[in-house]
Amino acid sequence: MANHSTTHPAHLHHHFVDSDQQFDAAKMGMWVFLVNEILFFGGLFCAYIVFRAWYPDLFQEASHELNTLWGAVNTAVLIGSSLTVAMAIRSAQKDQQRGLRINLLITIALACVFMVIKAFEYSHKFELGIFPGEWYTYTGFEHPKASVFFSIYYMMTGVHALHVLVGIGLIFWIYRRSVKGEFSSEYYTPVEITGLYWHLVDLIWIFLFPLLYLIE
Amino acid sequence: MATAEVSSNIKKLQVKRFKPAEDPKNTYLTDEKGLWAWLTTVDHKKIGLMYLGAVAFFFLLGGLLALALRTELWTPAKTFIEADTYNQIFTLHGAIMVFFVLVPSIPAALGNFILPMQVGAKDVAFPRLNLASFYIYVIGAIFTFIALFNNGLDTGWTFYTPYSTTTTTSVIWVTLGVFILGFSSILTGTNFITTIHKLRAPGITWSKLPLNIWALYATSIIQVLATPVLAITVLLLTMERFMGLGIFDPANGGDPVLFQHFFWFYSHPAVYIMIVPGFGIISEVITTFSKKHIFGYWAIALSSLAIAFIGFLVWGHHMFTSGQSAVATTVFSFLTFLVGIPTGIKILNWVATLYKGSIEMKTPMLYVFIFLFLFSIGGFTGIMLGSLSADIHLHDTYYVVAHFHYVMMGGTLMALLAGLHYWWPKMTGKMYSEVWGKISAVLVFIGFNLTFLPQFVMGAQGMPRRYYNYIDQFTPFHQTSTIGSYVLGLGLFITLFYLLHSLWRGKKAGSNPWNSRGLEWQATSPPDFHNFDHTPVVIHGPYDYHKPMEEFQLGLAVSHNGHGEETDVKESKVTTN
C-alpha cells in the first residue's frame, strides 16, 4: 500500500485509502460494466447470426436498401470521436485545461453529427415504408421475411444510438466539470472512464457497419 | 504457504488486541437517524437492511400466493378460485420468488451487509451505485405491481413465446419490470467484483478470503455475464409485443425456440446466482459451529468458480423436449452431469469439516444440516432430470416442481435462514430466541418435506405442473402437500415473529457470540458506521480455530483515516502469514 498523505484531496471518497485505490476501483468497475454491455449487445448479434444463417439471401438483398456511403461517413465520424476523446484524456493527464475542453467539445460535436446522419437515414426509410416489425409496408423487394431483417437492423442501430445519446450526455457532464477546473493530472478518473465507455460505443458501431451495410 | 516463506515474512506490525467494545456508543444505527437519512444513505449496511426488508416483504407476498395455490389444489376440481385466477397466481408466485426474492436475497441483502466487513473495507467500491441498485429494484417492483392491478399475467414466470406474445394479460409491464430489475443485479455484481479486487484490507490475500467472499465473487461474475442477456431478451420480447418484431413470434416470422435459448442462457446461470451465495453462507456457519478449520479451502473456493463456469454451458437441458437437435441435447445432458462434480466436492468437504469437530447445534447450524439434507435430494433429482430418457418422462411434471423447490427453497432459502440467524446478532446487536429458532426450524423441515416429497411421487406418476384440475388418484398426494405447506408457512411466520420480537426484547449480543474467527466478528455489534474504528491489518485466517481466541488481534494500518486513536496498542512481532 502506498504511503498515505495526512491531508485528503477533495476528490477522494471517504471509503478509499488513497487516490490510486479510488482510480483503480473506478477503472475496474467500468471494465466490468463494459463486459456486461458486450453481453447485452451479444444477444442482438446472436439473433443476427441465427437469422442470417437461415436467410442468407434475405440479408444480401435487404442490405442494398441501406446507404453504404452515409454508413461509411458515420464510421469515420465515430472513429474520429474516439481519437478526440483519447486526446482529451491525454490533455487531462498533462494538465492542459484548454486542450481538454476543446477535445471534449469536438467529441460531442462528432457524436451529434453521427446522430443527425442516423436521423436522416431513419427518416428516409420511414418515407419508403421500411418500419420495424408488423408496421413494415415496403414493397421494393420480394421476400416473405423481409421485415425481420429490418427489425434486427432497427433494434441493433436503435440500441446503439441510445448508447450514443447517453455518451453525449456523459461527455457533456464531463465538459461542465472540466470548465469548473475539476480535472488535473492528479485527478482525471471520470474523463478516463467516460472515454472507455465511448470507445466501446465506437467499437460496437465498427461491428455493426460491415454486418449490416457491407453484405455482398 | 511454505515454511521458508513464513520466516522471511516476519515484519514489525502495530497490533491491537482483539477486544471490540461490548456495548458500543456509536453504531451505524445511531449514526444518522430518521427516515430521510435511511432513504438517502450510502452505507452498505443500511442498504443491506433495506434490501432485507424488501426481500422479506416479497417473500411474504410470494408465500401467501403459494398458500393460495396449495389451498386451491385441495380438491381435484375447483376449490375456491377460478382457473384464470389460478394461472395468474402461479405466474406471480414464480416471478416474485425468482426475480424479487431468490436473486437479490443473499447477495443484495446479506452480502451487502457482510461483504465489505469480511474484506475489512469501509464500504463497497461504489456506494452511490449501491443505493441506486436498491431504487432500481423498487422501480422494477412498481412496474410488476402495475401489471398485477392491470390485467395480471398468466404466462408463467418463463414468458414462453408464442403464448406471451398473444395473451391478453399485461406482459409488457412485467418484462419491463424484469428488465429494470436486471440492472439492480448487474450493479450489485459490478460493485462486489470491484470491492473484492480493490478494497481488501492489508493482509487479506486471496488465500485468506473467507469462502463466503469466494462464493459472492463467483455469483457476481454470473450476475455480470448473464443478466445483460436476460435484459436484451425481455427487451426483444417487449418489442415483439409492441411492434411485432418477428424474432421470437412465429406469426411474424420468428422462432419461439430461439426465445427459449435466450431465456435459459440467463435463467439457468440465474439458479446459480441464487444457490452459490448460499454455499458461501454454509461454509462460514459450518466452521463456526464445528470450531474447526474448513476442510479443503481451495476445493470449496474453486468449485464455486467451476460451478459459475459450467453453469453457462448447460442451459439446453431445459429444452430436451423443445425440438433442439439430438447432438445438442446429448452434449447439454453430459455437461449437466458435470455440474454435479463441483457441487459434490462442496458437500463432501463440508461433511469432512464436521468430522471430529466439536459441533454446537445452534439454530444456524440446524439450518445447515437441513440444507445438507434437502439440497442433496434436490441435487440428485437434478441429475435424474438431466438424463435424456428420464427427462422425456419427467419433463413439465410435478417432479420438476419438487426438484426446483428442493434446490431453491431447500437450498437457497435454508442457507439464507442459516445466514440470517448467524449474522442477526452482528446486524442488530440482539440475540434471537434460540428455543423458538429451533422449534421453527423443525417445523420448516417437516413442513417442507410434507409439501414437496409427495410432489416427486405425483410427478413420477405423470401429474403435470401448472394444472388447475387433476384426476382423483392424485388427491391424497395433493392434500398431504397442502397440509405440509401450512406447516411450512407456520414455521416461517414464527421465524418472522421472534426475529422482530428480538429487535425490542432480545438480549444484547456482544461482539462475537459464536466465538467466530471471521473478520466481521472483530467489529462491534452492531458495527460502527465505518465498520472498524481503524483500517485493520489481517494477521490470521478466517478459519483459524486451532488458535486460541486470545491470540486474535488485528494489525493497525499506517493510516487511521482520521478515526479514533487506539488505546490498547503494542508493538510486537507477528508473522503476516
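Residues numbered from 1 in each chain as written. Chains lettered and ligands numbered in written order. Predicted model: local features only at pLDDT ≥ 70, side-chain atom pairs only at ≥ 80, totals over all residues. Heavy atoms only, no water.

**Considerations on the overall build of chain B**
Helices and strands together make up the secondary structure of chain B, namely 17 helices and 4 strands. The globule rule puts the C-alpha radius of gyration for 577 residues at 25 Å, and the 24 Å found for chain B is close to it. Seen along its three principal axes, the alpha-carbon backbone of chain B occupies a region of about 75 × 50 × 45 Å. Out of the 577 residues in chain B, the part that is buried amounts to 62%. Look at the contacts in chain B between residues 6 or more apart in sequence, and 81% of them connect residues 24 or more apart. Carbon and sulfur atoms provide 69% of the accessible area of chain B, an area that totals close to 20900 Å². Considering chain B, the positive charge centre built from 34 side chains and the negative charge centre built from 30 side chains are found 9 Å apart. (Helix = DSSP H or I, 4+ residues; strand = E, 2+ residues; numbered from the N terminus. Rg over C-alpha atoms; globule rule 2.2 N^0.38 Å. Buried < 20%, exposed > 50% of the residue type's maximum accessible area, 1.4 Å probe, protein only. Contact = heavy atoms within 4.5 Å. Areas by Shrake-Rupley, 256 points an atom, 1.4 Å probe, with all protein chains shown as cover. Lys, Arg positive; Asp, Glu negative; His and termini not counted. Charge placed at Lys NZ, Arg CZ, Asp CG, Glu CD.)

**Structural notes on the overall build of chain A**
Along chain A, the regular secondary structure elements total 6 helices and 0 strands. What you see in chain A, going N to C, is helices and strands ordered as α-α-α-α-α-α. In terms of its C-alpha atoms, chain A occupies a principal-axis envelope of roughly 75 × 30 × 25 Å. Buried positions account for 52% of the 216 residues belonging to chain A. Contacts in chain A between residues far apart in sequence, at least 24 positions, make up 79% of those at least 6 positions apart. For chain A, the exposed surface amounts to about 10000 Å²; the carbon and sulfur share of it is 65%. Charge-centre separation for chain A: the mean point of 12 positive side chains lies 9 Å from the mean point of 17 negative side chains.

**Let's talk about the interface of chain B and chain A**
Listed by partner, the interface residues are 39 residues for chain B and 36 residues for chain A. Carbon and sulfur atoms supply 75% of the area buried between chain B and chain A, which totals about 3300 Å² over both sides. Considering only the surface of chain B that becomes buried against chain A, Lys198, Ile232 and Met243 of chain B emerge as the three largest contributors, covering 16% of it. At the boundary of chain B with chain A, the tally comes to 0 salt bridges. Our count for the chain B to chain A interface comes out at 8 residue pairs in polar contact (both at pLDDT 80 or more). Among the elements that take part in the side of chain B that touches chain A, helix H9 (residues 211–243) of chain B stands out by supplying 11 residues, more than any other. Residue classes in the side of chain B that touches chain A are distributed as 23 nonpolar, 11 polar and 5 charged. (Buried area = accessible area lost by both parts, 1.4 Å probe. Salt bridge = Lys/Arg side-chain N within 4 Å of Asp/Glu carboxyl O. Polar contact = N/O pair within 3.5 Å; in protein donor to acceptor, adjacent residues only side chain to side chain. Nonpolar A, V, L, I, M, F, W, Y, C, P; charged D, E, K, R; others polar.)

**Comments concerning the packing of helix H1 (residues 19–54) of chain A against helix H6 (residues 189–213) of chain A**
Residues and elements named next belong to chain A. Two elements in contact, H1 and H6, have axes separated by 10 Å at closest approach and are oriented at 15°. By the angle between their axes, H1 is roughly parallel relative to H6. Crossing of H1 against H6: the hand is right-handed. From H1, Phe23, Ala26, Lys27, Met30, Trp31, Phe33, Leu34, Glu37, Ile38, Phe41, Phe45 and Tyr48 reach across to H6, where they touch Thr189, Glu192, Ile193, Leu196, Tyr197, Leu200, Ile204, Phe207, Leu208, Leu211 and Leu212. Taken together, the residues of the contact of H1 with H6 break down into 19 nonpolar, 1 polar and 3 charged. (Axes fitted to C-alpha atoms, helices over the stretch in contact; angles between N-to-C directions. Parallel < 35°, antiparallel > 145°, perpendicular 65-115°, else oblique. Left-handed = near helix turned anticlockwise from the far one by under 90°.)

**Observations concerning the packing of aromatic side chains**
All told, the structure shown has 68 aromatic pairs over all chains when counted by the stated rule. One residue, Lys46 of chain B, lies across the ring of Trp38 of chain B, its end atom 5.2 Å from the ring centre. (Phe/Tyr/Trp six-rings, centres within 6.5 Å; stacked < 30°, edge-to-face > 60°. Lys NZ or Arg CZ within 6 Å of the ring centre and 35° of its normal.)

**A closer look at the side chain of Thr397 of chain B**
Residues and elements named next belong to chain B. Along the chain, Thr397 turns up in the loop between helix H14 (388–394) and helix H15 (398–428). With a relative accessible area of 4%, Thr397 lands in the buried category. Side-chain polar atoms of Thr397 contact the backbone oxygen of Leu394, separated by 2.6 Å. With near-sequence residues (within four places) excluded, Thr397 lies in contact with Gly459, Met463, Pro464 and Arg465.

**Notes on the confidence of the model for chain B**
Residue and element names in this part refer to chain B. Residues at a pLDDT of 70 or more form 94% of chain B, whose mean pLDDT is 91. Scored below 50 in pLDDT, residues 1–10 shows 7 contacts in the model against residues more than four places distant or in partner chains. In this model residues 560–577 is a low-confidence stretch, pLDDT under 50, and it forms 48 contacts with partners more than four residues away in sequence or in other chains. Predicted as a complex, the structure gets a pTM of 0.93 and an ipTM equal to 0.92. (pLDDT = per-residue confidence, 0-100.)

**A short note on the nonpolar core**
One finds Phe150 of chain A together with Phe99, Trp350 and Phe371 of chain B to be the most contacted residues of the largest nonpolar core, which totals 249 residues. Considering every element that reaches this core, the biggest residue donor is helix H5 (residues 83–118) of chain B, with 21 residues. Residues in contact with Phe371 of chain B, not counting those within four places in the same chain, are Ile275, Phe279, Ile282, Trp350, Ser376, Gly410, Gly411, Met414 and Ala415 of chain B. (Core = buried A, V, L, I, M, F, W, Y, C linked by side-chain atoms within 4.5 Å.)

**Notes on the pattern of salt bridges**
When the charged atoms of two side chains with opposite charge come close together, those side chains can pair. Scanning the entire structure with this criterion turns up 9 salt bridges over all chains. Linking Lys118 of chain A and Glu121 of chain A is a salt bridge whose minimum nitrogen-to-oxygen distance equals 3.5 Å. With a gap of 3 residues between them, Lys118 of chain A and Glu121 of chain A both fall in helix H4 (residues 97–128), about one helical turn apart. Exposure remark for Glu121 of chain A: the relative accessible area of 5% places this residue in the buried category. The salt bridge involving Lys291 of chain B is made with Glu360 of chain B; its shortest N-O contact spans 2.8 Å. Separated by 69 residues along the polypeptide, Lys291 of chain B in the loop between helix H10 (256–290) and helix H11 (297–310) and Glu360 of chain B in the loop between helix H12 (326–354) and helix H13 (363–386) bring together distant segments of the chain. Judged by its relative accessible area of 36%, Lys291 of chain B falls in the partly exposed class. Here the salt bridges do not stand alone but share partners, grouping Lys291, Glu360 and Lys362 of chain B into one network.

**Here's the deal with the environment of Ala111 of chain A**
Residues and elements named next belong to chain A. With respect to the helices, strands and loops of the structure, Ala111 is situated in helix H4. With relative accessibility at 1%, the residue Ala111 sits in the buried group. It is 9.9 Å that separates the C-alpha atoms of Ala111 and Ala161, two residues lying 50 residues apart in sequence. In this view, Ala111 contacts Val164, Ile168 and Trp198; residues no more than four positions away in its chain are not counted.

**Comments concerning H6 of chain A**
Between its first and last C-alpha atoms H6 of chain A spans 36 Å; for 25 residues at 1.5 Å apiece the expected length is 36 Å, and the two agree. When you tally the buried positions in H6 of chain A, you get 19 out of 25 residues, the bulk of the element. (Expected span 1.5 Å × (residues − 1).)

**Section: the confidence of the model for chain A**
Across chain A, pLDDT averages 92, with 97% of residues at or above 70. Counting interchain partners and residues more than four positions distant, the pLDDT-below-50 stretch residues 1–6 of chain A has 6 contacts.

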